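# Structural overview
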Amino acid sequence: MNVQFKKGVLDLCVLALTAWEDRYGYELAVAISSKFEMAVGSVYPLLNRLTVEGYFSTYLRESPEGPPRKYYKLTPLGHSHLMELVSEWNTFTRAVNELIKDGVEQ
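An unreviewed UniProt entry annotates the protein as PadR family transcriptional regulator of Paenibacillus mendelii.

Structure (structure tokens):
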């Protein structure tokens, strides 16, 4: 898959996966990489940036399999940002699909 496609959609994927439940970084990376190829380590700088921007709060939770895990919780600002991104994504993909249909399926 095109690297630029993936880079452009990672914020949306991470925010969407945390919409209903708090998640830890590795869990998010595995969920995303199950849908398209992505280096597991690429999610951590993204999570850090989204946290600094106020879209996530974080907390530690004990893990039965080792050290405590850092969980990411979507803030109200993060939820608003997610809804904006979903709207933009839907508009964008609808337009691209129309262009593909017009160009390829004539």
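### Notes on the nonpolar core
If you look at the biggest cluster of nonpolar residues, it comprises 20 residues, and the most contacted ones within it are Val14, Leu15, Val43, Leu47, Leu50 and Phe56. Of all the secondary structure elements, the ones that give two or more residues to this core are helix 1 (3-17), helix 2 (25-33), helix 3 (43-52), strand 3 (66-74) and helix 4 (76-104). A per-element tally of this core places helix 1 first, with five residues. Among all residues touching Phe56, those that are not within four sequence positions of it are Val14, Leu15, Thr18, Leu47, Leu50, Thr51, Tyr72, Lys73, Leu74 and Thr75.

### Observations concerning helix 2
Where helix 2 is concerned, the buried positions are Gly25, Leu28, Ala29 and Ile32. Projected down its long axis, helix 2 shows its buried positions confined to an angular sector of 100 degrees, all on one face.

### A few points about the pattern of salt bridges
Counted according to the given criterion, the structure contains five salt bridges. Where Arg69 meets Glu65, a salt bridge forms, and the shortest distance between an N and an O atom there is 3.0 Å. Residue classification places Glu65 among the exposed positions, given a relative accessible area of 65%. Salt bridges sharing common partners tie together Asp11, Arg49 and Glu53.

How each quantity is defined
Residues numbered from 1 in each chain as written. Predicted model: local features only at pLDDT ≥ 70, side-chain atom pairs only at ≥ 80, totals over all residues. Heavy atoms only, no water. Core = buried A, V, L, I, M, F, W, Y, C linked by side-chain atoms within 4.5 Å. Buried < 20%, exposed > 50% of the residue type's maximum accessible area, 1.4 Å probe, protein only. Helix = DSSP H or I, 4+ residues; strand = E, 2+ residues; numbered from the N terminus. Contact = heavy atoms within 4.5 Å. Arc of directions from axis to C-beta. Salt bridge = Lys/Arg side-chain N within 4 Å of Asp/Glu carboxyl O.

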